[in-house]
Amino acid sequence: AGSQDAGEAPYTEKTGTSMSAPHVSGLVALLQEERGDLPVTTIENKLVSTADFDEDDRVYRQGGGEVHAPSLIGSEIVVHDAVNSFGLIDEATTESEVIALENVGNDTHEFEVGATLTNELDEENLDDHISVNTTSVTVEPGETEHVEFEVDTEGAFGYNSGLVTFDGEEADYHAILGFTKANEVTVEK
């Protein structure tokens, strides 16, 4: 709601943590009402993995995306480790991480799995530097399936971010990742 005294009535659009905190808190309250007392990490994973992600934007600008109540409430999949950071890497190497998809519902879910990687500074597509161990996954009720992704840092200088996607018929989920590739500089005096 906008302030009539500030000429914003009846509604206004604002950004920032002061604006997002009450909305996210309300979503968490709805999620807790639906699912019971969830651990903080599960809440974070559900918020990130069900958010609306603008694929034309970058992870370091939008995080996991804009929270989306219809996708969050009623979602039967928990993407464990929806946020992955490899930190600062100073040599060419490969890094990998496993993402767990837990089905807390009563239906079987099938997903097409994909991955993208982008250099944040020049927006260069680095999709040939990221891979997943499977292109599809089926998660039965009460089961957990694991998907591994691997990043090759050779030639990926600077800030890099990526997305591992799980596209289903009924719902889509994602996990975000990031790392910085830099050269180590030694100064001797």
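Along each chain, the written sequence defines residue order, and numbers are assigned to residues from 1. Per-residue local features are limited, in this predicted model, to residues with pLDDT of at least 70; the limit for side-chain atom pairs, both in listing and counting, is 80 or more; totals at the level of whole chains, interfaces and linings are taken over all residues. Hydrogen atoms and water are omitted, and side-chain values are computed over all heavy atoms in the structure.

### Quick notes on the overall build of the chain
Across its full length, the chain holds 4 helices and 9 strands. Helices and strands in the chain line up, N terminus first, as α-α-α-α-β-β-β-β-β-β-β-β-β. Dimensions of the chain, computed from the C-alpha atoms along their principal axes, are close to 60 × 50 × 30 Å. We call two residues in contact when some of their heavy atoms are within 4.5 Å. A sequence separation of at least 24 residues applies to 65% of the contacts in the chain between residues at least 6 apart. Counting only carbon and sulfur atoms, one obtains 44% of the accessible surface of the chain, whose full area is about 11200 Å². The charge count treats Lys and Arg as positive and Asp and Glu as negative. His and the chain ends do not count. Where a charge lies is defined by one atom per residue type, namely NZ (Lys), CZ (Arg), CG (Asp) and CD (Glu). For the chain, the separation between the mean place of its 7 positive charges and that of its 42 negative charges on side chains is 12 Å. Comment: elements are numbered from the N terminus, with helices defined as DSSP H or I runs of at least four residues and strands as E runs of at least two. Residue exposure ignores everything except the shown protein chains as possible cover, and the areas themselves are Shrake-Rupley values with a 1.4 Å probe.

### Here's the deal with the sheet that holds strand β9 (residues 172-181)
Spatial ordering of the open sheet is given by β2-β9-β8-β4-β6, a layout of 5 strands whose pairing is mixed. The open sheet has two edge strands with one neighbour each: β2 (83-89) and β6 (136-139). Here the strands of the sheet are splayed against their neighbours by 20 degrees on average, with no regard to which way each runs. The sheet contact formed by strand β4 (residues 109-119) and β6 spans 4 bridges and is antiparallel. Across the sheet, His 109 pairs through a bridge with Val 139, a residue of β6. The strands that helix α2 (residues 40-49) touches are β2 and β9; relative to β9, the one it contacts most, it runs at about 100 degrees. We treat two strands as partners when DSSP finds at least two bridges between them. A fitted line through C-alpha atoms serves as each axis, taken over the contacting stretch for helices, and the angle formed by two N-to-C directions is quoted from 0 to 180°.

### Remarks on the pattern of salt bridges
Opposite charge on two side chains makes pairing possible when the charged atoms of those side chains draw close. Salt bridges, as used here, are contacts in which a Lys or Arg side-chain nitrogen is within 4 Å of a carboxyl oxygen on Asp or Glu. Under the criterion given, the structure shown has 5 salt bridges. For the salt bridge of Lys 14 with Glu 8, the shortest nitrogen-to-oxygen distance reads 3.3 Å. Connected through shared salt-bridge partners, Arg 58, Glu 120 and Glu 123 make up one network.

### As for the pairing of strand β3 (residues 94-103)
Pairing between strand β1 (residues 77-80) and β3: 4 bridges, direction antiparallel. Following the sheet pairing, His 80 is matched in β3 by Ala 100. Pairing analysis gives 9 bridges linking β3 to strand β7 (residues 144-152), with the strands arranged antiparallel. For Glu 95, the partnering residue across the bridge sits in β7 and is Val 151.

### Thoughts on helix α1 (residues 17-35)
With 19 residues, α1 ought to run about 27 Å at 1.5 Å a step, and its terminal C-alpha atoms sit 26 Å apart, in line with that. Looking one or two residues past α1, Gly 36 carries a phi angle of roughly 90 degrees, positive in sign. Here the expected span of a helix is defined as 1.5 Å times the quantity of residues minus one.

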